[in-house]
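# Geometric and topological summary
This is what each chain is made of:
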Amino acid sequence: MKPFAYALALGLATAQLATSALAADITGAGATFPFPVYSKWAEAYRKESGMGLNYQSIGSGGGIKQIQAKTVDFGATDAPLKGAALEKDGLVQFPTVMGGVVPVVNIAGVEPGKLKLTGEVIAEIYAGRITKWSDAKIAKLNEGVKLPEATITPVYRSDASGTTNIFTTYLSQASEAWKKEFGAATTVSWPAGQGGKGNEGVTATVKQVPNAIGYVESAYAKQNKLSHALIQNKAGKFPQPDDKAFQAAAASADWKSAPGFGISLTDQAGENAWPITAATFILVYKEPADPAKAADVLKFFDWAYKNGDKLAVDLDYVPLPDNVVGLIHDAWKDIKAKDGKPVFNM
């Protein structure tokens, strides 16, 4: 599949996307992080409304470019845009669900959740300074776990990726050396390993390469039965990457503190908090060229907030708190047609 970009038009073959029957379908593109939950939501929404969704899972960078080029009805990104960028392009940004980024490994004999790592150790692996699974720093964290004298292959995102932004934001918080040398961004100059496009590509590469380590959204790890590692959090604990740990990370978040709800949930305090937790975001125009289509986009996500929580939880995503959904509905009032009327009425 080239290049791990998935056109989602549920219930119909891809070849039918250009037909008039799908002319009214919503189009979106971007982050691979939320692809599994958008897929499930779209399937259920089509059954209820008859409205389909064509979503291309191409990475956050691609999603931002496509909404800026006005080739899709909405863009999707895991790396939220700053207030100045939203203002410049006339965009409104809002979150949909939360989830976690997890390290996944392919080490013979190591079961899911048995390998323990710290942010500092992960940073050294991706910086090419820790090169063997038998390294003393890893062994010290994993007494009783049999680790091979084998070379580690770090696997990273080769595309502009919000997942990479989340991951490297955490590494920059955990390691001053990483922050100084590589920093946090949707793309960085990886010094070691090999790349994969999208969460799908990293997943496939880790499964194929013995002794590899990668980072993917938690739903991909679960659905593909990958062996995940645990990460020591700020409180010194090693929580499992599940909905309780993601909720714990978001419990005290101040969603009003940044334009477009663009807050960071990485490295939060709390004994049960998963250290690489994040929200994923949608981008739409504040004054859309097609108000009716913009309304269709908001209707879809409104339906998802009201009806999609169980589908999200089943895939290890965390629904947004009700008070945050209320704030999002308030933000939608700024999305207006040229005559000044809101495109979506609650």
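Check the entry above for the structure.
Okay, so let's go over this structure. (Residues numbered from 1 in each chain as written. Predicted model: local features only at pLDDT ≥ 70, side-chain atom pairs only at ≥ 80, totals over all residues. Heavy atoms only, no water.)

### What to know about the overall build of the protein
Convention followed: A helix here means a DSSP run of H or I that spans at least four residues, while a strand means a run of E at least two residues long, and both kinds are numbered starting from the N terminus. The size measure is the radius of gyration over C-alpha atoms, and the globule rule it meets is 2.2 Å times the number of residues to the 0.38 power. A simple rule labels every residue: compare its accessible area, found with a 1.4 Å probe on the protein chains alone, to the largest value its type can have, and call it buried under 20%, exposed over 50%, or partly exposed in between. We call two residues contacting when some pair of their heavy atoms lies within 4.5 Å. Per-residue and other accessible areas follow the Shrake-Rupley method at a 1.4 Å probe size, with only the shown protein chains counted as cover for residues.
Regarding its fold elements, the protein presents 13 helices and 13 strands. Taking 2.2 N^0.38 as the reference for a compact globule, 346 residues should give roughly 20 Å; the C-alpha atoms of the protein span a radius of gyration of 20 Å, in line with that estimate. Scored against the burial criterion, the 346 residues of the protein give a buried share of 56%. Contacts in the protein between residues at least 24 apart in sequence constitute 75% of all its contacts with a sequence separation of at least 6. As presented, the protein carries roughly 14800 Å² of accessible surface, and 50% of it is formed by carbon and sulfur atoms.

### Quick word on the packing of aromatic side chains
How we decide: Stacked, edge-to-face and tilted are the three classes for Phe, Tyr and Trp ring pairs, Trp counted by its six-membered ring, which pair at centre distances within 6.5 Å; planes under 30 degrees apart are stacked, over 60 edge-to-face, the rest tilted.
If you walk through the whole model with that rule in mind, you get 22 aromatic pairs. On the basis of an interplanar angle of 15° and a centroid distance of 6.0 Å, the ring pair of Tyr55 and Phe74 is categorised as stacked. A residue pair is termed long-range when its members are at least 10 positions apart, and Tyr55 in strand S3 (residues 53–57) and Phe74 in strand S4 (residues 74–77) qualify at 19 residues. Residue Tyr55 shares its accessibility class with Phe74, and that shared class is buried. A ring pair is formed by Phe94 and Trp332, whose centres lie 5.3 Å apart and whose planes are at 70°; its orientation type is edge-to-face. Taken together, the residues span a long stretch of sequence, with Phe94 in strand S5 (residues 91–105) and Trp332 in helix H13 (residues 322–332) at a distance of 238 residues. Judged by relative accessible area, which is 0%, Phe94 ranks as buried. For Trp332, a relative accessible area of 0% translates into the label buried.

### Section: the pattern of salt bridges
To keep things clear, this is the line we draw: Any carboxyl oxygen of Asp or Glu within 4 Å of a side-chain nitrogen of Lys or Arg constitutes a salt bridge here.
As enumerated under the stated definition, the model contains ten salt bridges in all. For the salt bridge of Asp159 with Arg157, the shortest nitrogen-to-oxygen distance reads 2.8 Å. Comparing Asp159 with Arg157, the two get one shared label, buried. The partner of Asp316 in a salt bridge is Lys222, with the nearest N and O atoms 3.7 Å apart. In this pair, Asp316 sits in the loop between helix H12 (309–314) and strand S13 (318–319) while Lys222 sits in helix H9 (residues 218–223), placing the two residues 94 residues apart along the sequence.

### Points about empty space enclosed by the protein
The cut-off we apply is this: Detection works on a 1 Å grid of protein atoms alone, calling trapped sets that fit a 1.4 Å probe cavities and calling open sets with protein on both sides within 12 Å along at least five of seven lines pockets, with lining residues defined by an atom within 4 Å of a point. Grid points are joined across faces, edges and corners, and a volume is the space filled by probe spheres set on the points.
Applying the stated criterion across every chain yields a total of one cavity of 30 Å³ or more. There is about 40 Å³ of room inside the largest cavity. Contributing to the lining of the largest cavity are Glu120, Ala123, Glu124, Ala127, Arg129, Ser175, Ala177, Trp178 and Phe182. Elements supplying a minimum of two residues to the lining of the largest cavity: helix H4 (119–126) and helix H7 (176–181).

### Considering the side chain of Asp25
Threshold: Distance and chemistry together define a polar contact, namely a pair of N or O atoms within 3.5 Å, with one atom able to donate a hydrogen and the other to accept it when in protein, and with adjacent residues in sequence counting only for side-chain atoms on both sides.
As for its placement among the helices and strands, Asp25 is situated in the loop between strand S1 (7–9) and strand S2 (26–30). By relative accessible area, which is 7% here, Asp25 ends up buried. At 3.1 Å, the side chain of Asp25 forms a polar contact with the backbone nitrogen of Gly52. In this structure Asp25 touches Arg46, Met51, Gly52, Leu53, Asp73 and Lys293, once residues within four positions along its chain are discounted.

### Brief notes about the pairing of strand S9 (residues 212–217)
In summary, the side chains of a regular strand alternate between the two faces of the sheet. For clarity, the threshold we go by: A pair of strands is considered paired only if DSSP assigns at least 2 bridges between the two.
Among the six residues that make up S9, six are buried, leaving the element largely enclosed by the rest of the structure. Two elements, strand S7 (residues 153–157) and S9, share two bridges in a ladder whose sense is parallel. Opposite Pro154, over in S9, you have Ile213 as the bridge partner.

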